[in-house]
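Examination of the molecular architecture
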Amino acid sequence: MRIGLVGCGEHATSVLHSAVGFIDDFEVVGVCDVDADRAQAAARRFGLSEYHDTHDSLLREARPEAVLLVTYPGLQPRLANELLKAGVHVYVEKPVVMTEGDGEALQRTLKAQPNLIAAVSFNKRFSPHYLRVKDIIAGDGFGRSNYFHFRFAGGHRARTWDLLAVGAIHGFDMARMMMGEIEEVSAYMVEPADGQADISANVRFRSGAMGHFFLSSMGFWSAKGAEHMEIRSNQNVVTLENHRQLTWQGPPLAKSGSDTTQMQKETPSFAQYLEPNYSNVSAREFQSIAQNGYLQPLQAFANDILGGSRTLPTIQDGLAALKVATAIDHSMRNGGRAVSLV
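Read on for an overview of the structure. This structure is a prediction, so every number in the text was calculated from the model and none was measured.

Focus on the pairing of strand β8 (residues 196–205)
Across the two faces of β8 the burial differs, with A197, I199, A201, V203 and F205 buried and Q196, D198, S200, N202 and R204 not buried at all. Here strand β7 (residues 182–193) pairs with β8 via nine bridges, running antiparallel. When the bridges of β8 are listed, A187 appears paired with A201. Note: β8 against strand β9 (residues 210–216), seven bridges, orientation antiparallel. Bridged to A201 within β9 is F213. Connecting β8 to the next strand, β9, in antiparallel fashion are four residues, including G208 with a positive phi near 100 degrees.

Listed below in structure tokens is the structure:
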């Protein structure tokens, strides 16, 4: 498959372009960036003698069948729409949309081009540990999930809205993947300045389960616990720390009545604990592209195009996650007033 790469910045080249190099079904035929130095470096990496500074030039001269689009969030919806109108499949780094209007425009284009794929890079869906969590909570031994928690903390943003729509959007997508649709949100924030905020959001799922998001742009990326997910059922709890440390504590091996009013006496079960060993790893793991789930969806993108299947997150998934972000934003700016998503 002839593929073009639009966007050659740090994230694109260090993560997604690294993953592209492992996919035999891809033939990179062109690269594009408004920064000539970045475009030239990417071209050399893939053995190309030419590079492009506009997507129009890329489409006209390199003639890709599909494009991997990784650029500024506010620019991606328009570029994705133009690429789809040109008749190429598009894989877009999240967020695919920043407004509902962006999503509606993309959906109109796809309705007119039903054979094209527009996939969103919700890479956490493909991370091995996140998939293991999904398997655990779906198993008979876990029971009905009744609580979901997601913590996401990173550095300062240009705007507080960017924390919700660009950074924490992964958490909203994971909540939908693990627990189903969210039907109500109530949120509060501390915001010393726009782009510097701590946000606490309580949610209720359609299933009746409850949940909580703690989202922050007043932390820093390298801190332990910058990303954390927890799901609980009746005497089951599974946690995932920073994509890598998974712990599943199941029900006690035995329990008996208590002679106090506090709680039953329990014999705890052994916890399942998973953590990758980085002392001897493959190039894929070293690049963090498989463990973080970047490699797998790009391979699925190739498979979907070549095989006619539809397995990847869609524009609708991007809109659904954005709807949660919008509800949290409305609630926290209106004194925590509950916002319905139904």
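A look at helix α10 (residues 295–307)
Its 13 residues place the ends of α10 18 Å apart at the C-alpha level, agreeing with the 18 Å of an ideal helix rising 1.5 Å per residue. For α10, every residue scored as buried is listed here: L295, P297, L298, A300, F301, A302, D304 and I305. Lining the buried residues of α10 we find α1 (10–20), β3 (66–69), β4 (89–93), β5 (118–121) and α9 (283–286). Just beyond α10, the residue with positive phi is G308, at close to 75 degrees.

A word on the environment of A118
By the element assignment, A118 lies in strand β5. For A118, a relative accessible area of 12% gives the class buried. Distance in space between the C-alpha atoms of A118 and N81 is 9.4 Å, their sequence separation being 37 residues. Sequence-distant contacts of A118, that is, excluding residues within four places in its chain, are made with L84, V90, L110, P313, T314 and I315.

Some points on the sheet that holds β7
Read from one edge to the other, the open sheet built from nine strands follows the order β15-β12-β11-β10-β6-β9-β8-β7-β16, with strand pairing classed as mixed. The two strands at the open ends of the sheet, each matched to only one other strand, are β15 (272–274) and β16 (339–340). Taken together, the seven bridges between strand β6 (residues 147–153) and β9 define a ladder with parallel strand orientation. Note that in β9 the partner of Y147 across the bridge is M210.

Observations regarding the sheet that holds β3
The parallel open sheet is built from five strands, whose spatial order is β2-β1-β3-β4-β5. In the strand order of this sheet, the two ends are held by β2 (27–32) and β5, each with one partner. Neighbour-to-neighbour, the strand axes of the sheet open up by a mean angle of 20 degrees, direction not taken into account. The pairing of strand β1 (residues 2–6) with β3 spans four bridges and is classified as parallel. Residue pairing for β3: I3 is matched across the bridge by A66. This element, α10, spans β3, β4 and β5 of the sheet and lies at about 165 degrees to β4.

Quick look at the packing of aromatic side chains
Summed over all chains, the structure comprises six aromatic pairs. Here the aromatic rings of Y91 and F301 are separated by 5.5 Å at their centres, their planes lie at 55 degrees, and the arrangement is tilted. Of this pair, Y91 sits in strand β4 while F301 sits in helix α10, and the two are 210 residues apart along the sequence. One exposure class covers both Y91 and F301, and it is buried.

Regarding the nonpolar core
F148, F172, M178, F213, I231 and I328 are the most contacted members of the largest nonpolar core, which totals 73 residues. Not counting residues within four places of it along the chain, the set of residues in contact with M178 comprises Y130, V133, K134, I137, F148, M229 and I231. Core analysis: the second largest hydrophobic core is formed by 32 residues, A119, A300, F301 and L312 among them.

The rules behind these values
Residues numbered from 1 in each chain as written. Predicted model: local features only at pLDDT ≥ 70, side-chain atom pairs only at ≥ 80, totals over all residues. Heavy atoms only, no water. Buried < 20%, exposed > 50% of the residue type's maximum accessible area, 1.4 Å probe, protein only. Helix = DSSP H or I, 4+ residues; strand = E, 2+ residues; numbered from the N terminus. Pairing = 2+ DSSP bridges. Expected span 1.5 Å × (residues − 1). Contact = heavy atoms within 4.5 Å. Axes fitted to C-alpha atoms, helices over the stretch in contact; angles between N-to-C directions. Phe/Tyr/Trp six-rings, centres within 6.5 Å; stacked < 30°, edge-to-face > 60°. Core = buried A, V, L, I, M, F, W, Y, C linked by side-chain atoms within 4.5 Å.

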